[in-house]
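Geometric and topological summary
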Amino acid sequence: SILTALELAHSIVEDKLNTTQFRIKTTPTNDLQYALGKIFGMILAITVQMFIILIACHLVFGANLGNPLYLLIITICYGFTVGSIVFCAGTVAKDQTSISSYASVILWGLSVLGGSIIQKTALPGAMQKIQQIVPNGKAINCYLRVCEGSNFSANYVDLLELLGLGLVFLIIALHFYSSKTSTKLI
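Worth saying up front: this structure is predicted, and the values here are computed from it rather than measured.

When its secondary structure is counted, the protein shows eight helices and zero strands. Going from the N terminus to the C terminus, the protein shows its helices and strands as α-α-α-α-α-α-α-α. Against the globule reference of 16 Å for 186 residues, the protein gives a C-alpha radius of gyration of 18 Å, in line with a compact fold. Seen along its three principal axes, the alpha-carbon backbone of the protein occupies a region of about 55 × 35 × 30 Å. Restricting the contact set of the protein to residue pairs at least 6 apart, pairs at least 24 apart contribute 74%. Accessible surface, the protein as shown: approximately 9700 Å² in total, 71% of it carbon and sulfur.

A separate point is the side chain of Ser111. Residue placement: Ser111 occurs in helix H5 (residues 96-114). Discounting residues that sit within four places of it in the chain, Ser111 has contacts with Ile2, Ile106, Ser116, Ile117 and Asn136.

Once that is clear, we can look at the environment of Phe61. Checked against the element boundaries, Phe61 lands in helix H3 (residues 31-61). Through-space distance from the C-alpha of Phe61 to that of Ser153 is 27 Å; in sequence the pair is 92 residues apart.

Which parts of space are left empty comes out when a probe the size of a water molecule is rolled across the atoms. The calculated volume of the largest pocket comes to roughly 450 Å³. Around the largest pocket, the lining comprises 18 residues; the ones closest to its centre are Met50, Ile53, Leu54, Ile140 and Tyr143. Of all the secondary-structure elements, those providing two or more residues to the lining of the largest pocket are H3 and helix H7 (135-147). Take the lining of the largest pocket: its biggest share by element is six residues, from H7.

The next thing to look at is the packing of helix H1 (residues 2-17) against H3. Relative orientation of the contacting elements H1 and H3 amounts to 155°, with a least axis distance of 9 Å. Between H1 and H3, the crossing angle belongs to the class labelled roughly antiparallel. Between H1 and H3 lies a crossing of right-handed hand. For the pair H1 and H3, the contacting residues are Thr4, Ala5, Leu8, Ser11, Ile12 and Asp15 in the first and Tyr34, Lys38, Gly41, Met42, Ala45, Ile46 and Gln49 in the second. Looking at the contact of H1 with H3 residue by residue, the class counts come to seven nonpolar, four polar and two charged.

Relative to each other, helix H4 (residues 68-92) and H5 sit at 150°, their axes nearing to 9 Å. Considering their axes alone, H4 and H5 lie roughly antiparallel with respect to each other. Remark: the crossing between H4 and H5 carries right-handed chirality. On the side of H4, the interface is formed by Ile85, Ala89, Gly90 and Val92, while H5 contributes Ile99, Tyr102 and Ile106. Across the contact of H4 with H5, the residue classes break down as six nonpolar, one polar and no charged.

Below, the discussion takes up the packing of aromatic side chains. A full pass over the atoms with the stated rule returns four aromatic pairs. When the centroid spacing of 5.0 Å and the interplanar angle of 10° are considered together, the rings of Tyr34 and Tyr177 count as stacked. Of this pair, Tyr34 sits in helix H3 while Tyr177 sits in helix H8 (residues 156-180); the two residues are 143 residues apart in sequence, bridging distant segments of the chain. Taken individually, Tyr34 and Tyr177 each receive the classification buried, so the pair is uniform in this respect. Between Tyr70 and Phe152 the ring centres are 5.7 Å apart and the planes differ by 40°, which places this aromatic pair in the tilted class. On the criterion of sequence distance, the pair formed by Tyr70 in helix H4 and Phe152 in the loop between H7 and H8 is long-range, its members being 82 residues apart.

Procedures and definitions
Residues numbered from 1 in each chain as written. Predicted model: local features only at pLDDT ≥ 70, side-chain atom pairs only at ≥ 80, totals over all residues. Heavy atoms only, no water. Helix = DSSP H or I, 4+ residues; strand = E, 2+ residues; numbered from the N terminus. Rg over C-alpha atoms; globule rule 2.2 N^0.38 Å. Contact = heavy atoms within 4.5 Å. Areas by Shrake-Rupley, 256 points an atom, 1.4 Å probe, with all protein chains shown as cover. 1 Å grid on protein atoms, 1.4 Å probe; cavity = no way out; pocket = protein on both sides within 12 Å on 5 of 7 lines; lining within 4 Å. Points joined across faces, edges and corners; volume = space filled by probe spheres on them. Axes fitted to C-alpha atoms, helices over the stretch in contact; angles between N-to-C directions. Parallel < 35°, antiparallel > 145°, perpendicular 65-115°, else oblique. Left-handed = near helix turned anticlockwise from the far one by under 90°. Nonpolar A, V, L, I, M, F, W, Y, C, P; charged D, E, K, R; others polar. Phe/Tyr/Trp six-rings, centres within 6.5 Å; stacked < 30°, edge-to-face > 60°. Buried < 20%, exposed > 50% of the residue type's maximum accessible area, 1.4 Å probe, protein only.

Shown next as structure tokens:
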């Protein structure tokens, strides 16, 4: 899902290189609307991808998925956070090469530290604590709790932390986005 979002980040850089951002900034469109539009696309892509994976796990391995509404809420919160991180990277990237460089660090960093590549119990103690902070680590922990039958109250703190982290990256991205091209017409 992180790779999917990073692929969509290329469109942010593409908007800069093709002067689409300049044209968007000359319209009454708010910077937040542009950012949320890009992030919503990432949330949608991640949601579709995660539900295909979850359904496949249920059909092939017989995994108990728990409450589908809880899974949807977790996926949307996770998608918002990853989308905000990727939007921030796309905003600071100057060209396609730099977004690819950022993508490697983000993808491998979050994947290894979040427990997507290495099982969290195989990580050293200090890294297990980092796994609980990283967005995909939080999402994995929430998914596991839901699949084990826990209710929403077992996950709401992690979900609020995910949303808070996403909000921090969105604010940083909006700062860079507005300061890079302040060409709005008054």
